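Residues per chain, in single letters:
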Amino acid sequence: MAIGHHTSGSATETAGVPARSFLVSLTGHREAGLLAIIVILFTVMSFASPYFLTVSNIKTMLLSFSIEGIVVVGMTILLIVGGLDLSVGAVVCLSMVVAGQLFLGGMDPWIASLGGIAAAAAVGVGMGLCVTRIGLSHFIASLAAMVIVRGLCMVITNGSPLSLFSLPKEFKFIGQGSVYDIPFVIILFVVIALVFDFLLRNATAFRQVFYTGSNEKAAAYSGVKVDKVKFLVTVLCSVLAGIAGIVYMARLGSATPNFGIGMELNVIAAAVIGGASLKGGTGSIFGAVLGIALLSIVSSSLILLNVSAYWQEMIKGIILLGAVSFDHLLNRYRAK
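A brief look at the structure comes next. (Residues numbered from 1 in each chain as written. Predicted model: local features only at pLDDT ≥ 70, side-chain atom pairs only at ≥ 80, totals over all residues. Heavy atoms only, no water.)

A tally of regular secondary structure across the chain gives 15 helices and four strands. Expressed as a percentage of its 336 residues, the buried residues of the chain come to 49%. In the chain, once contacts between residues fewer than 6 apart in sequence are set aside, the share between residues at least 24 apart is 79%. Surface accessibility of the chain: about 15300 Å² in total, with carbon and sulfur atoms responsible for 70%. (Helix = DSSP H or I, 4+ residues; strand = E, 2+ residues; numbered from the N terminus. Buried < 20%, exposed > 50% of the residue type's maximum accessible area, 1.4 Å probe, protein only. Contact = heavy atoms within 4.5 Å. Areas by Shrake-Rupley, 256 points an atom, 1.4 Å probe, with all protein chains shown as cover.)

Inspection of the secondary structure puts Val185 in helix α9 (residues 184-202). Judged by relative accessible area, which is 2%, Val185 ranks as buried. Along the primary structure Val185 and Arg251 are separated by 66 residues, whereas in three dimensions their C-alpha atoms are 8.9 Å apart. Setting aside its immediate chain neighbours within four residues, Val185 contacts Leu63, Ser66, Ile67, Ile174, Gly175 and Val247.

Applying the stated criterion across every chain yields a total of three salt bridges. The partner of Asp181 in a salt bridge is Lys59, with the nearest N and O atoms 3.7 Å apart. Of the two residues, Asp181 sits in the loop between β2 (178-179) and β3 (182-183) while Lys59 sits in helix α4 (residues 55-80), which places them 122 residues apart along the sequence. Residue class for Asp181 comes out exposed when judged on its relative accessible area of 58%. On the basis of relative accessibility, which here comes to 27%, the residue Lys59 falls in the partly exposed class. (Salt bridge = Lys/Arg side-chain N within 4 Å of Asp/Glu carboxyl O.)

The next subject is the nonpolar core. Core analysis: the largest hydrophobic core is formed by 92 residues, its most contacted members being Val71, Val73, Ile77, Val92, Leu94, Phe196 and Val209. With sequence-adjacent residues up to four places away left out, Ile77 is seen in contact with Phe196, Leu200, Phe206, Val209, Val233, Leu236 and Ile285. (Core = buried A, V, L, I, M, F, W, Y, C linked by side-chain atoms within 4.5 Å.)

At their nearest, the axes of helix α6 (residues 109-134) and helix α7 (residues 138-157) sit 9 Å apart, and the two run at 145° to each other. As for how α6 packs across α7, the hand of that crossing is right-handed. The segment α6 lies against α7, with Val123, Met127, Cys130 and Val131 engaging His138, Ala141, Ser142, Ala145 and Val149. Partitioned by chemical class, the residues of the contact of α6 with α7 number seven nonpolar, two polar and no charged. (Axes fitted to C-alpha atoms, helices over the stretch in contact; angles between N-to-C directions. Left-handed = near helix turned anticlockwise from the far one by under 90°. Nonpolar A, V, L, I, M, F, W, Y, C, P; charged D, E, K, R; others polar.)

Position of Thr76 among the secondary structure elements: in helix α4. Here the side chain of Thr76 touches Val72 through a polar contact of 2.8 Å, landing on its backbone oxygen. Each residue touching Thr76, except ones within four places of it in the same chain, is listed here: Ala271, Ala276, Ser284, Ile285 and Ala288. (Polar contact = N/O pair within 3.5 Å; in protein donor to acceptor, adjacent residues only side chain to side chain.)

This part takes up α7. With 20 residues, α7 extends 28 Å between its outermost C-alpha atoms, agreeing within 8% with the 28 Å of an ideal straight helix rising 1.5 Å per residue. Looking at the buried side of α7, the elements it contacts are α4, α5 (88-104), α6, β1 (162-163) and α12 (226-252). Positive backbone phi, approximately 60°, marks Asn158, located one or two places after α7. (Expected span 1.5 Å × (residues − 1).)

On to a nonpolar patch on the surface, then. Judged by side-chain polarity, Ile134, Leu136, Phe139, Ile140 and Leu143 come together as a nonpolar surface patch covering roughly 440 Å² of accessible area. Top contributing element to the nonpolar patch by residue count: α7, with three residues. Within the secondary structure layout, Leu136 lies in the loop between α6 and α7. (Patch = residues over 30% accessible without salt bridge, like charges linked within 9 Å, V, L, I, M, F, W, Y side chains within 5 Å.)

Here Ser113 lies in helix α6. Look at Ser113 and you get buried, because its relative accessible area is 5%. Looking at Ser113, its side chain comes within polar contact range of the main-chain oxygen of Pro109, at 2.7 Å. Beyond its immediate stretch of four places on either side in the chain, Ser113 contacts Ala99, Phe171, Ile246 and Met249.

What follows is about the packing of aromatic side chains. All told, the structure shown has six aromatic pairs when counted by the stated rule. Between Phe42 and Phe52, the ring centres sit 5.1 Å apart and the planes meet at 70°, which makes this aromatic pair edge-to-face. Here Phe42 is found in helix α3 (residues 30-48), whereas its partner Phe52 is found in the loop between α3 and α4, with 10 residues between them in sequence. Ring geometry for Phe173 versus Phe184: centroids 5.4 Å apart, planes at 45°, classification tilted. Within this pair, whereas Phe173 is found in helix α8 (residues 169-176), its partner Phe184 is found in helix α9, the two being separated by 11 residues in sequence. For Phe173, a relative accessible area of 32% corresponds to the partly exposed category. Relative accessible area serves as the criterion here: at 23%, Phe184 is assigned to the partly exposed category. (Phe/Tyr/Trp six-rings, centres within 6.5 Å; stacked < 30°, edge-to-face > 60°.)

The next point concerns unusual backbone geometry. Located in the positive-phi region is Asn158, a residue other than glycine, with phi close to 60°. By the secondary structure assignment, Asn158 is in the loop between α7 and β1. Although it is not a glycine, Tyr180 adopts a positive phi angle of roughly 50°. For Tyr180, the location among the structural elements is in the loop between β2 and β3.

That's the geometry; what it means functionally is another story.
As structure tokens, then:
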């Protein structure tokens, strides 16, 4: 079942009410609209700055959102099921510091990386149990996890950065290498995005993510194991954050205990801008990719235009507010 079917299904229900039909129909055109905005930004910036369309700047923009984009994929699926994860930035950091500490302790970097990803998965398991067994909301569970994991990162590193420049070249390749002049990081991100986009559009098991997010009670009555779906998606989000942490470690050659602060806001913003609803039931990986790409282009544009860093953060906040407000309006009109 195509994602577009999920995101525009209510349009027929609202036929005959022009305002509602218009707003709801925008959901189905969200991706096309984002593409149009990106094209317009590219056109404007090509005139505003001679450096914007250079190969080096485009490659920089792609690199800037590719690793974070791996986290966006997980967040999008979690938003579709009706969840939210505020701990992804901390989990990325945890994966880095656990793997880094294990490597410095003499462990093979690949095995150490599995340890880092396992630590990330353990956080997802903990949050999933809090949501499905105790009954906490994803917001509360992930907020608590964020604080706990941040503290754990400080404990593991004693508050000091880990220098990992002795990592072997074959391991650093995943973060620094290129294939036919295309950074491997970008290839990895594209593969992950395509795989999960395909699964969400075609795999029967992943349709349950949409069913659960759209109407949890109805999904349960139809035989969907709602708690199991929510648990697995929560763990998946943390695992993808853990993978991103390993790629960051290979790229930077270090692991700092405060890495990833604020990442969760960028990730949530990208997913919501791309069409994922905070109430669950709608969203697409392709839309989320366009969302993170748009944020990267905006950041690059502001830097090239010498806009103050303080203004940059404010502008990003305004974009997030606009996306969330738009999502709220759509949900309100659908509910009528």
